[in-house]
Amino acid sequence: MLESAVVGLIGGQGWVGRALGLALLEKNLLAPEQLVISSRSGKRGAYVDWPGVRCVQDNRQLADLADVIVLSIRPQDLVDIDIQVGDKLVISLLAMASQQAVSHQLGSQRVVRAMPNAAAEIQRGYFPWYASPAISDADRGIVQALLESCGTAREVSSEDAIDYLTAVSGAGPAYPALLAQAMLSHARQAGLDGDVAREAVMQTLMGGSLLLEQQAAEPGEMVKRLVDYQGTTAEGLRTMIEGGFERVVHEGLQAAYRTARGG
Ligand SMILES: NC(=O)C1=CN([C@@H]2O[C@H](COP(=O)(O)OP(=O)(O)OC[C@H]3O[C@@H](n4cnc5c(N)ncnc54)[C@H](O)[C@@H]3O)[C@@H](O)[C@H]2O)C=CC1
Ligand SMILES: O=C(O)[C@@H]1CCC=N1
């Protein structure tokens, strides 16, 4: 339980906001009365089973009620957030919005930038975060406890690391989906039954990821082990590597990083 702090979640009905709000409640880190949600509709939505949660439409009301404000709106909606929150702790989950921009918009110097990812929805997210100089050790404890409700949270030492990690971990859950799509289209073109193809790809990516997590300190070790085995896997890997797999991944990450920094 985060003692008695009241957390106000702006955008708490959205993808990430909802994941965070529900994780905090389900893990009993916040009592329902300690959570205030704002959304454009003001409706109870995802919090229908939590009658103690206050759902409001007006962000000024949320800012008055909350000790800690979490911003979980789309970056382009930041300019419409017309509230001044004094020196309250603000945790921004926005990509492409600097700490300075958030500070300017909400009027607080106590701003943390954190980067969620889509796996927050199943409480397996990775949340790096960066604290402005005005953040105290007590604030740091609150931020870490809030964010790790959805997975792993890690403080980083520069704001640029957040922009960089936006490309790696923020966008990251999409990359296995792209790999799965490519494997699946090949399996279907090869004439495999659709259901078997899907099951084979999904179970293999899941099993492979768990194996990687459990057995290999470095992903490269697992690749080397399989290349050294000199079987069919080695041939598949060699062809992908020689075809520029790493270069394409690096180019994709660089493009996402460039976008995260504002183009
Ligand atoms: N979805 C993801 O996987 C990731 C999202 N992010 C960041 O997280 C933030 C939230 O993203 P999502 O949850 O995906 O967006 P979303 O579009 O699902 O949710 C945003 C919510 O904010 C609400 N909203 C907009 N303006 C509002 C206002 N003035 N007052 C109250 N509510 C308002 C919207 O109605 C919506 O429910 C974004 O800034 C994004 O850059 C970062 C990394 C990954
Ligand atoms: O695509 C986006 O802009 C957000 C930030 C990283 C992942 N999702």
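Residues numbered from 1 in each chain as written. Chains lettered and ligands numbered in written order. Predicted model: local features only at pLDDT ≥ 70, side-chain atom pairs only at ≥ 80, totals over all residues.

- An unreviewed UniProt entry lists the chain under the name Pyrroline-5-carboxylate reductase, with Halomonas eurihalina as the source organism.
- In its Sequence similarities (unreviewed entry) section, the UniProt entry covering the chain states "Belongs to the pyrroline-5-carboxylate reductase family." (UniProt positions renumbered as here; feature names shortened; annotations may be inferred.)

## Digging into the environment of K43
Phase 1 of the analysis: Here K43 lies in the loop between β2 (35-38) and β3 (54-56).
Phase 2 of the analysis: A count of 13 C-beta atoms within 10 Å places K43 in the partly exposed class.
Phase 3 of the analysis: Expressed as a C-alpha distance, the spacing of K43 and G252, which sit 209 residues apart in the sequence, is 38 Å. (Helix = DSSP H or I, 4+ residues; strand = E, 2+ residues; numbered from the N terminus. Buried ≥ 20, exposed ≤ 12 C-beta atoms within 10 Å, placed from the backbone.)

## Things to note about the domain arrangement of the chain
Phase 1 of the analysis: Segmentation of the chain into domains returns domain 1 (7-157) and domain 2 (174-260).
Phase 2 of the analysis: Computed from C-alpha coordinates alone, the two centres of domain 1 and domain 2 are separated by 34 Å. (Domains from an automatic or database assignment.)

## Section: helix α8 (residues 219-228)
Working note: α-helix, 3.6 residues per turn, so residues spaced by three or four point in the same direction.
Phase 1 of the analysis: Across the 10 residues of α8, 0 count as buried, placing the element largely on the outside.
Phase 2 of the analysis: Backbone geometry just downstream of α8 places Q230 in the positive-phi region, at approximately 60 degrees.

## Overview of the site of ligand 2
Phase 1 of the analysis: Taken together, the neighbourhood of ligand 2 is formed by A95, T166, G170 and A171.
Phase 2 of the analysis: The residue makeup of the shell around ligand 2, split by class, is 2 nonpolar, 2 polar and no charged. (Near = placed C-beta within 6 Å. Nonpolar A, V, L, I, M, F, W, Y, C, P; charged D, E, K, R; others polar.)

## Some thoughts on the nonpolar core
Phase 1 of the analysis: Of all hydrophobic cores here, the largest spans 56 residues; its most connected members are L20, L35, I69, V70, L71, V90 and I91.
Phase 2 of the analysis: In this structure V90 touches I69, L71, V85, V102, L106, S108, R110 and V111, once residues within four positions along its chain are discounted. (Core = buried A, V, L, I, M, F, W, Y, C linked by C-beta atoms within 7 Å. Contact = placed C-beta atoms within 7 Å.)

## Focus on the pairing of strand β4 (residues 68-71)
Phase 1 of the analysis: Both faces of β4 are covered, namely the face carrying V68 and V70 and the face carrying I69 and L71.
Phase 2 of the analysis: Pairing of strand β1 (residues 7-10) with β4, which is carried by 4 bridges, proceeds in the parallel orientation. Bridge pairing in β4 places G8 opposite I69.
Phase 3 of the analysis: Where β4 meets strand β5 (residues 89-92), 4 bridges bridge the pair, whose relative direction is parallel. Bridge pairing links L71 to S92 in β5. (Pairing = 2+ DSSP bridges.)

## Here's the deal with the UniProt feature "binding site: NADPH" (unreviewed entry) in the chain
Phase 1 of the analysis: Those places that UniProt annotates as "binding site: NADPH" (unreviewed entry) correspond, in this numbering, to N59.
Phase 2 of the analysis: Residue placement: N59 occurs in helix α2 (residues 59-65).
Phase 3 of the analysis: Given 22 C-beta atoms within 10 Å, N59 falls into the buried group.

## Examining the sheet that holds β5
Phase 1 of the analysis: Spatial ordering of the open sheet is given by β3-β2-β1-β4-β5-β6-β7-β8, a layout of 8 strands whose pairing is mixed. Either end of the sheet is taken by a strand with one partner, and the two such strands are β3 and β8 (151-155). Shown here is a sheet whose adjacent strand axes are inclined to one another by a mean of 20 degrees, direction ignored.
Phase 2 of the analysis: Where helix α3 (residues 99-106) meets the sheet, it contacts β4, β5 and β6 (111-114), and its direction lies at approximately 135 degrees from that of β6. (Axes fitted to C-alpha atoms, helices over the stretch in contact; angles between N-to-C directions.)

## Some words on the UniProt feature "binding site: NADP(+)" (unreviewed entry) in the chain
Phase 1 of the analysis: Per the UniProt record, the feature "binding site: NADP(+)" (unreviewed entry) sits at S39.
Phase 2 of the analysis: Locating S39 in the fold gives a position in the loop between β2 and β3.
Phase 3 of the analysis: If we ignore the near neighbours within four places in the chain, the residues touching S39 are G12, Q13 and G45.

## Considerations on unusual backbone geometry
Phase 1 of the analysis: Even without a glycine there, the phi angle at M96 is positive, about 60 degrees.
Phase 2 of the analysis: Its location among the elements puts M96 in the loop between β5 and α3.

## Points about the confidence of the model for the chain
Phase 1 of the analysis: On average, residues of the chain score 96 in pLDDT, and 100% of them are at 70 or above.
Phase 2 of the analysis: Interface confidence for the predicted complex, given as ipTM, is 0.99, next to a pTM of 0.96. (pLDDT = per-residue confidence, 0-100.)

## Description of the packing of helix α6 (residues 174-189) against helix α7 (residues 194-215)
Phase 1 of the analysis: Where α6 meets α7, the closest approach of the two axes is 9 Å, and the angle between their N-to-C directions is 145 degrees. Considering only the axes of α6 and α7, their crossing is right-handed. Every residue of α7 that contacts α6 at P176, L179, A180, M183, L184, A187 and R188 is listed here: G194, A197, R198, A200, V201, M202 and L205.
Phase 2 of the analysis: Of the residues in the contact of α6 with α7, the class split is 11 nonpolar, 1 polar and 2 charged. (Left-handed = near helix turned anticlockwise from the far one by under 90°.)

## Side note on the packing of α8 against helix α9 (residues 232-242)
Phase 1 of the analysis: Axis separation between α8 and α9 bottoms out at 7 Å; the angle between their running directions is 120 degrees. The angle between α8 and α9 places the two elements in the oblique class. Contact residues: V223, L226 and V227 in α8; T233, A234, L237 and R238 in α9.
Phase 2 of the analysis: Class assignment of the residues belonging to the contact of α8 with α9 gives a composition of 5 nonpolar, 1 polar and 1 charged. (Parallel < 35°, antiparallel > 145°, perpendicular 65-115°, else oblique.)

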